[in-house]
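If you want the building blocks of each chain, they are given just below.
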Amino acid sequence: MNEPTAPWLAQRAEMVRAQLRARGLRNERVLAACAEVPRHLFVPEPLRPQAYEDHPLPIGLDQTISQPYMVALMLECLEPTGRERVLEIGTGSGYQTALLARLCREVYTIERLTPLAEDARRALEGLGYANVHYRIGDGTLGWPEAAPFDGIVVSAGAPEEPPSLLAQLAEGGRMVIPVGDRWAQRLLVIQRRKGELHRRTETACVFVKLIGREGWPEG
Ligand code: SAH
């Protein structure tokens, strides 16, 4: 792939300016990561020219790579410092995984659909990310052996807050999760402080379904 990188760089800079900063995102570490990660390498090849546009894109198997703004907003809500061990549910394309790998210490990512998980892993390993742990399975149950986590990001919409994930959130940790019905959810930021869970709603959103034991039933 000996294509020139300059046009992609320019498209990323424009994405950060027009879609992220212009909408009020201010976390400089998150914005810098978005300016660096080659999003076009996480979308199917024919869609690469659209990789930096302001909308989700199909990645196969009825799933999508989320809109750049939504990914950046979720990461801003996590407030990563670089020291965190984080759990990501819904690896999908692996794009958000790459951002997490830059923004946090260790990333544990779970995807239920094997072909997506394999493509994402190939793309992430090709880019040299070495602090990512991969699992294929039902992410609603979390990753108990690696818990607790300083951050949990759920990239698919849940009907309720999965109790297993709440239980795996460390003291001081934050979980970002869309909760609601099939076509309309609220993006919740849940923080554990002094053992208590505190919740706020960040925005309205629409994600694909979180399917699993503590999510939606299959089909
Ligand atoms: N952040 C990803 C989002 C992909 S869409 C990206 O931008 O590419 C959400 C993903 O969650 C889909 O790939 C879907 O298969 C996955 N998913 C849904 N339910 C899941 C579950 N219970 N465990 C793990 N992954 C799940």
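In the block above lies the structure referred to throughout.
Residues numbered from 1 in each chain as written. Predicted model: local features only at pLDDT ≥ 70, side-chain atom pairs only at ≥ 80, totals over all residues. Heavy atoms only, no water.

Colleague: Residues and numbers for the sheet that holds strand β3 (residues 85-89), please.
Modeller: As summarised here, the arrangement of the seven strands in space is β5-β4-β3-β6-β7-β8-β9, forming an open sheet in which the pairing is mixed. Because the sheet does not close on itself, it has two edges, and the strands there are β5 (132-136) and β9 (196-205). Across the sheet, the mean angle from the axis of one strand to that of its neighbour is 15°, orientation sign disregarded. Both strand β8 (residues 184-193) and β9 contribute to a ladder of nine bridges, which runs antiparallel. Note that in β9 the partner of Q185 across the bridge is C205. Packed on one face of the sheet, helix α5 (residues 114-126) meets β4 (106-111) and β5 and runs near 165° to β5. (Pairing = 2+ DSSP bridges. Helix = DSSP H or I, 4+ residues; strand = E, 2+ residues; numbered from the N terminus. Axes fitted to C-alpha atoms, helices over the stretch in contact; angles between N-to-C directions. Contact = heavy atoms within 4.5 Å.)

Colleague: Describe the nonpolar core, and please don't skip the residues or the numbers.
Modeller: Core analysis: the largest hydrophobic core is formed by 48 residues, its most contacted members being L20, C34, F42, Y95, L99 and L100. Among the elements of the structure, α1 (6-20), α2 (28-36), β1 (57-60), α3 (68-78), α4 (95-103), α5 and β8 are those that each provide at least two residues to this core. With nine residues, α3 is the single largest residue contributor to this core. If near-sequence neighbours (up to four positions away) are discounted, L100 is found in contact with L75, L78, V86, E88, V107 and V153. (Core = buried A, V, L, I, M, F, W, Y, C linked by side-chain atoms within 4.5 Å. Buried < 20%, exposed > 50% of the residue type's maximum accessible area, 1.4 Å probe, protein only.)

Colleague: For the pairing of β1, give the residues involved together with the corresponding values.
Modeller: Here β1 pairs with strand β2 (residues 63-65) via three bridges, running antiparallel. If you follow G60 over to β2, its bridge partner there is Q63. In textbook terms, the turn of a hairpin is the stretch between consecutive antiparallel strands, and for β1 and β2 this stretch comprises two residues, one of which, L61, has a positive phi near 55°.

Colleague: Just give me the short version of the packing of α2 against α4, but keep the residues and values in it.
Modeller: Where α2 contacts α4, the axes come no closer than 10 Å and their chain directions differ by 130°. Between α2 and α4, the interaxial angle falls into the category oblique. Judged by the sense of rotation from one axis to the other, the crossing of α2 with α4 is right-handed. Taken together, the residues of α4 that come into contact with α2 (itself represented by R29, V30, A33, C34 and E36) are Y95, L99, R102 and L103. Considered class by class, the residues forming the contact of α2 with α4 number six nonpolar, no polar and three charged. (Parallel < 35°, antiparallel > 145°, perpendicular 65-115°, else oblique. Left-handed = near helix turned anticlockwise from the far one by under 90°. Nonpolar A, V, L, I, M, F, W, Y, C, P; charged D, E, K, R; others polar.)

Colleague: Any details on α3? Residues and values, ideally.
Modeller: By the criterion of burial, α3 is predominantly enclosed, with 10 of the 11 residues buried. Turning to α3, its buried residues number three or more, namely P68, Y69, M70, V71, A72, L73, M74, L75, C77 and L78. Positive phi shows up at E79, right after α3, with a value of about 50°.

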